[in-house]
Amino acid sequence: MGHVRPTDEQFFRTMIRLRHVEKALTDLSAGGQLRGSLHLCEGQEACPAGACAALLKDDYLTATYRGHGYVLAKGTSLDQVIAEVLGRATGLCKGKGGKMHLFDQEFGVLGTNGIVGAGVGTACGAALASKLDGTGRVALTVFGDGANNQGHLMECWNMAVLYKLPVIFFCENNLYSEMTPLSRSHGNVNLSERARGFGLHTESVNGNDPHAVFEVVSKAADRGRSGQGPTFVEAMTYRTTGHYQADSGTAYRSKEEVEDWRSRSPILLLRQRIGAKADEIETEELAVVQASVEKALADSVPAVSESTTEVFA
Ligand SMILES: Cc1ncc(C[n+]2csc(CCOP(=O)(O)OP(=O)(O)O)c2C)c(N)n1
Ligand SMILES: [Mg+2]
């Protein structure tokens, strides 16, 4: 029981909004209005668009420092996300979480996270609760190829298989962890094969095709909901920018490699399919993002007295 598959135009809208959010954040960062590091998902937009469209409002989500697109695609308010990223009191977490700690109970968002792989355990815990309580909620946890070498992920995979947890391990394989290619960090670069070693059911998918991502995540969610246990999804994709704003991305990847992936960008491919309507959608989404940024910039930052509330149990 999933959602109806979105149309090309709906997927394009989700992805172009995300692209303009990232453009706005890049400008704000360059202008000194946004503090800290900024990890963009340019080129990978089909993953959040496709995966979240396959989830229900109540389903759980955890994601990485590159995960704001998932939070937006899950349904969380754009205004609240932008205000949070800019540290405003009107933000999702009252401006105290920032970009790496987006949390939204209403949409099952249990956090983006700056610690590589950290959300995987959280998602397994949520999936266990769902199973024990019989709520039917599925948990999708997003992590990168590099995170596959974090020890606790292997504990999570084992427990998830053992307990048949309704969890989807969604691996964005963008071929690099920071500046290191897979071949220099993984003894076996076949991540699905590694996952199968733990007894996980695996699916590989073109992570630049939102329809294909939607399809495999829908199937994985059905498996979870019907008691068949976890799925490891390996989505092949590529970030066409650097790891973060201080990385040009040119020192460890060839120009040809980046250009090749750029030519297969999910936004570009859908734009070609949709035609003139794409420009119309883009104009609308650009205006929505700009309005959201202006609104957040006019909002105040949290009062100093807020710094010690909701921080300690
Ligand atoms: C536990 C931990 N170790 C190291 C880091 C530093 N670090 C930040 S991003 C990153 C790369 C992770 O790569 P990958 O999992 O492939 O995700 P991607 O950035 O490609 O989306 C590293 C090592 C960290 N944030 N947390
Ligand atoms: Mg990676």
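Procedures and definitions
- Residues numbered from 1 in each chain as written.
- Chains lettered and ligands numbered in written order.
- Predicted model: local features only at pLDDT ≥ 70, side-chain atom pairs only at ≥ 80, totals over all residues.
- Heavy atoms only, no water.
- Axes fitted to C-alpha atoms, helices over the stretch in contact; angles between N-to-C directions.
- Helix = DSSP H or I, 4+ residues; strand = E, 2+ residues; numbered from the N terminus.
- Parallel < 35°, antiparallel > 145°, perpendicular 65-115°, else oblique.
- Left-handed = near helix turned anticlockwise from the far one by under 90°.
- Contact = heavy atoms within 4.5 Å.
- Donors = N, O, S within 2.8 Å, 3.2 Å for Na, K, Ca; no water.
- Buried < 20%, exposed > 50% of the residue type's maximum accessible area, 1.4 Å probe, protein only.
- Pairing = 2+ DSSP bridges.

So, the packing of helix α2 (residues 46-53) against helix α8 (residues 210-225)
Helix packing geometry: the angle between the two helix axes and the distance between the axes.
Part 1 of the argument: Where α2 meets α8, the axes come as close as 7 Å, and the angle between the chain directions of the two elements is 40°. Considered as vectors, α2 and α8 are oriented oblique to each other. Judged by the sense of rotation from one axis to the other, the crossing of α2 with α8 is right-handed. Here A46, C47, G50, A51 and A53 of α2 come into contact with α8, specifically with P210, V213, F214 and V217.

Some thoughts on the coordination of the magnesium ion (ligand 2)
Part 1 of the argument: Protein coordination of the magnesium ion (ligand 2) is provided by D145 (OD), N174 (OD1) and Y176 (O), with donor distances spanning 2.1 to 2.2 Å.
Part 2 of the argument: Mapping the donors of the magnesium ion (ligand 2) onto the primary sequence yields the spacing D-x28-N-x1-Y. Note on accessibility: N174 and Y176 belong to one class, buried.

Digging into the environment of A298
Part 1 of the argument: Tracing the chain through its elements places A298 in helix α11 (residues 277-298).
Part 2 of the argument: On the basis of relative accessible area, A298 is assigned to the exposed category, the value being 66%.

What about the sheet that holds strand β7 (residues 231-236)?
Part 1 of the argument: Spatial strand order, β1-β2-β3-β7-β6: five strands in an open sheet with parallel pairing. The sheet is open, and its two borders are formed by β1 (60-62) and β6 (201-206), each paired with just one other strand. Across this sheet, the average inter-strand angle for adjacent strands is 20°, counted without regard to direction.
Part 2 of the argument: In terms of strand pairing, strand β2 (residues 139-144) meets strand β3 (residues 167-173) through six bridges, oriented parallel. Within β3, the residue paired with A139 across the bridge is V167.
Part 3 of the argument: Each of β2, β3 and β7 is contacted by helix α6 (residues 151-163), which is oriented at about 145° to β3, the strand it contacts most.
Part 4 of the argument: In the packing of α8 onto the sheet, the strands contacted are β2, β3, β6 and β7, and the crossing angle to β6 comes to about 165°.

In short, the description is geometric, and any link to function would need to be established separately.
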